[in-house]
Amino acid sequence: MVTASRHARVVLAAPASGQGKTTVATGLLGALRRRGTDVAPFKVGPDYIDPGYHRIAAGRPGRNLDPVLVGEERIAPLFRHGAAELSVVEGVMGLFDGRIGPGAGLAVGSTAHVAALLDAPVVLVVDARGQSHSLAALLHGFRSYRPEVRVAGVILNRVGSPRHEQVLRDAAAAAGLPVLGAVPRAADLAVPSRHLGLVTAVEHGAEAVRAVDAMTEVVASSVDLDAIAEIARSAPELPGPVWNPQDEVSPQGSPVVAVAGGPAFTFAYAEHVELLEAAGAEVAVVDPLNDERLPERTAGLVLPGGFPEQHAAELSANTALRREIAAFAASGAPVHAECGGLLYLAQELDGHPLCGVLDARARMSPRLTLGYRDAVAAADSALFPEGARVSGHEFHRTVLEPAHGAQAAWFWRSGAAQREGFVDRGVHASYLHTHPAGQPGSVERFVARCAR
């Protein structure tokens, strides 16, 4: 059994996307847990899908660490809030890739930025296909580029043969980095993907559990878990406060807030429910694929993101719930809808009738809309006062026509100035994902409105 301090931690990064970080991180969590270590999973950035697989492997919620959405001052407190005996932080894109902006510092929101904020050692996961001695130059570059980012070792992924592995180990030794594991090529580790990335663990069901088991087996047999644990324990103590939802919001009554879940609505941060409950709400989950009624005494409704476009026919077929939600919104009750939730409130999605709360129609698009947005609240709403400034993130392959209502939810500038989203009575609906830990006042405001 690995012994570790409360803040033992390691960051798994890569030279670029597609190197196998999720496979190795998920398998590492499962392998450490299997031998008795209490592990906690984290993901850098606004990703909702990888944490679902992390949760299966670790047996506890996957949490996100995103300095752009919550502010860099909250990263260490949020980490402490979710940390365990040993914490594994999966990076995003390449180690130094983040929000593009001026300056020569670490890119904001990059894996390197989060590793520096956590004072955590980094292990690189490198796809070894098509590489041999050139690995030495790659590792030397990543190790020396920013000395404040401590690259402690490398895990070789998709290794072709014992001879290939030996050549790569020699190259890593020349670069001064230990090889902590060599994962062979294994087609059965693939997780199905779609237009926005991997299929969510909830949708994949039993197959997701089998995939996580396969990742756990291969990492357990090909990665030096003791060496990884030793590197994680080498991280210094991380002093400072622990994020606590009770410190962020005050109780506003005890209204029932229904939160959509199930396979169609999986894009939610763990801290959202924690903040709702800290503000006094009684949270009840509703699955729009199966439940025909809102929970009893529902006073507010949260519709997070997800993949309603993959379930449009089934969502449309649940006419009882669609009609109830339409009547609920028409009453002026508070409704918070983000991205997938926005689509669900539209008149239709690719011809499938939906809730009809918004006078807009949605369709799939070949174009991916992706990026951080610095937004300003365009109107007073159940979530934000007019003029409130937030950092959010867009990630969708759908188009809504029109893109905003008579009263938009947001203004932002992405090239030209844009208006986006809908504010109508108690409804606040938008493509923009925000992180509630970065905007706790919006949760308190929402619960207070529900309590009325």
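So, here is what we can say about the structure in this document. (Residues numbered from 1 in each chain as written. Predicted model: local features only at pLDDT ≥ 70, side-chain atom pairs only at ≥ 80, totals over all residues. Heavy atoms only, no water.)

### Looking at the pairing of strand S12 (residues 298–303)
Point 1. The element S12 is largely enclosed, with a buried count of 6 among its 6 residues.
Point 2. Here 4 bridges tie strand S10 (residues 256–260) to S12, and the two strands are oriented parallel to one another. Counterpart to Val256 in the pairing with S12 is Thr298.
Point 3. In the sheet, S12 pairs with strand S13 (residues 335–338) via 3 bridges, with the strands oriented parallel. Paired with Leu301 across the two strands is Val335, which belongs to S13. (Buried < 20%, exposed > 50% of the residue type's maximum accessible area, 1.4 Å probe, protein only. Helix = DSSP H or I, 4+ residues; strand = E, 2+ residues; numbered from the N terminus. Pairing = 2+ DSSP bridges.)

### Here we look at unusual backbone geometry
Point 1. Omega for the bond connecting Glu401 with Pro402 falls within 30 degrees of zero, at 0 degrees, which places this linkage in the cis form.
Point 2. With respect to the helices and strands, Pro402 occurs in the loop between strand S17 (389–401) and strand S18 (410–414).
Point 3. Positive phi values are uncommon outside glycine, yet Arg297 reaches one of about 65 degrees.
Point 4. When you line up the elements, Arg297 lands in the loop between strand S11 (282–286) and S12.
Point 5. Arg297 gets classed as exposed once you look at its relative accessible area, which sits at 59%.

### Some words on the state of the cysteines
Here a disulfide denotes one covalent bond, and it connects the sulfur atoms of two cysteines.
Point 1. Taken as a whole and judged by the stated rule, the model has 0 disulfides.
Point 2. Sulfur of Cys339: no disulfide; nearest cysteine sulfur belongs to Cys355 and is 15 Å away.
Point 3. Considering cysteine sulfurs only, Cys355 is the nearest to Cys450, which forms no disulfide, with 17 Å between them. (Disulfide = S-S within 2.5 Å.)

### Focus on the packing of helix H4 (residues 75–82) against helix H5 (residues 111–118)
Any two packed helices are characterised by how steeply their axes cross, that is the angle between the axes, and by the distance between the axes.
Point 1. Running from N to C, H4 and H5 point in directions that differ by 75 degrees, and their axes come no closer than 9 Å. Classified by the interaxial angle, the pair formed by H4 and H5 is roughly perpendicular. Counting all contacts with H4, which are made through Ile75, Ala76 and Phe79, the residues of H5 involved are Val114, Leu117 and Leu118. (Axes fitted to C-alpha atoms, helices over the stretch in contact; angles between N-to-C directions. Parallel < 35°, antiparallel > 145°, perpendicular 65-115°, else oblique. Contact = heavy atoms within 4.5 Å.)

### Examining the sheet that holds strand S1 (residues 8–13)
Point 1. Strand order across the open sheet formed by 7 strands is S3-S2-S4-S1-S5-S6-S7, with parallel pairing between neighbours. Pairing within the sheet leaves two strands with one partner each, and these edge strands are strand S3 (63–65) and strand S7 (179–184). The sheet shows a mean angle of 25 degrees between the axes of neighbouring strands, direction not considered.
Point 2. The pairing of S1 with strand S4 (residues 86–90) spans 5 bridges and is classified as parallel. By the bridge assignment, Ala8 is partnered in S4 with Leu86.
Point 3. Packing against the sheet, helix H2 (residues 50–58) makes contact with strand S2 (39–44), S3 and S4, and its axis sits at approximately 170 degrees to S2.
Point 4. Along the sheet face, H4 touches S1, S2, S3 and S4 and points at about 160 degrees away from the line of S3.

### A closer look at empty space enclosed by the protein
Empty space among the atoms becomes apparent when a probe as large as a water molecule is rolled across them.
Point 1. Considering all chains together, one arrives at 4 cavities of 30 Å³ or more under this definition.
Point 2. Empty space within the largest cavity amounts to approximately 90 Å³.
Point 3. As for the largest cavity, its lining consists of Tyr48, Phe267, Ala268, Tyr269, His272, Val302, Leu303, Pro304, His336, Glu338, Thr434 and Pro436.
Point 4. Those elements that provide at least two residues to the lining of the largest cavity are S12 and S13.
Point 5. Residue classes in the lining of the largest cavity are distributed as 8 nonpolar, 3 polar and 1 charged.
Point 6. Volume-wise, the second largest cavity comes out at about 50 Å³.
Point 7. Lining the second largest cavity we find 11 residues, and of these Gly306, Glu309, Cys339, Leu343 and His396 sit closest to its centre.
Point 8. Those elements giving two or more residues to the lining of the second largest cavity turn out to be helix H15 (340–344) and S17.
Point 9. Its residues assigned to classes, the lining of the second largest cavity shows 6 nonpolar, 4 polar and 1 charged. (1 Å grid on protein atoms, 1.4 Å probe; cavity = no way out; pocket = protein on both sides within 12 Å on 5 of 7 lines; lining within 4 Å. Points joined across faces, edges and corners; volume = space filled by probe spheres on them. Nonpolar A, V, L, I, M, F, W, Y, C, P; charged D, E, K, R; others polar.)

### Considering the nonpolar core
Point 1. Formed by 112 residues in total, the largest nonpolar core has its most connected members in Leu65, Leu95, Leu118, Leu124, Leu139 and Trp410.
Point 2. In this structure, Leu118 is in contact with Arg9, Leu65, Ile75, Ala76, Phe79, Val89 and Leu238, ignoring residues within four places of it in sequence.
Point 3. Counting 36 residues, the second-largest nonpolar core is a separate cluster that includes Leu294, Leu342, Leu343 and Val357. (Core = buried A, V, L, I, M, F, W, Y, C linked by side-chain atoms within 4.5 Å.)

### Re the pattern of salt bridges
Point 1. Under the definition given, this model contains 21 salt bridges.
Point 2. In this structure, Glu217 engages Arg34 in a salt bridge whose closest nitrogen and oxygen atoms are separated by 3.0 Å. Placement of Glu217 in helix H9 (residues 206–222) and of Arg34 in helix H1 (residues 21–34) is noted, with a sequence separation of 183 residues between them.
Point 3. The exposure class assigned to Glu217 is partly exposed, which follows from its relative accessible area of 46%.
Point 4. Classification of Arg34 by relative accessible area gives partly exposed; the value is 48%.
Point 5. Note that Asp226 and Arg35 form a salt bridge whose closest N and O atoms lie 2.8 Å from each other. Here Asp226 is found in helix H10 (residues 225–233), whereas its partner Arg35 is found in the loop between H1 and S2, with 191 residues between them in sequence.
Point 6. Under the relative-accessibility criterion, Arg35 is labelled partly exposed at 31%.
Point 7. Bridged by salt links that share partners, the residues Lys43, Asp50 and Glu90 form one connected network. (Salt bridge = Lys/Arg side-chain N within 4 Å of Asp/Glu carboxyl O.)

### Re the sheet that holds S11
Point 1. Strand order in the open sheet made by the 6 strands is S11-S10-S12-S13-S21-S20, with mixed pairing throughout. Every other strand in the sheet has two partners, leaving S11 and strand S20 (422–424) as the edge strands with one partner each. Each strand of the sheet is rotated relative to its neighbour by a mean of 15 degrees, with strand direction disregarded.
Point 2. Bridge analysis of S13 against strand S21 (residues 427–430) gives 4 bridges, and the strand direction is parallel. For Val335, the partnering residue across the bridge sits in S21 and is Val427.
Point 3. Its contacts with the sheet place helix H14 (residues 319–330) against S11, S12, S13 and S21, and it is angled at close to 110 degrees to S12.

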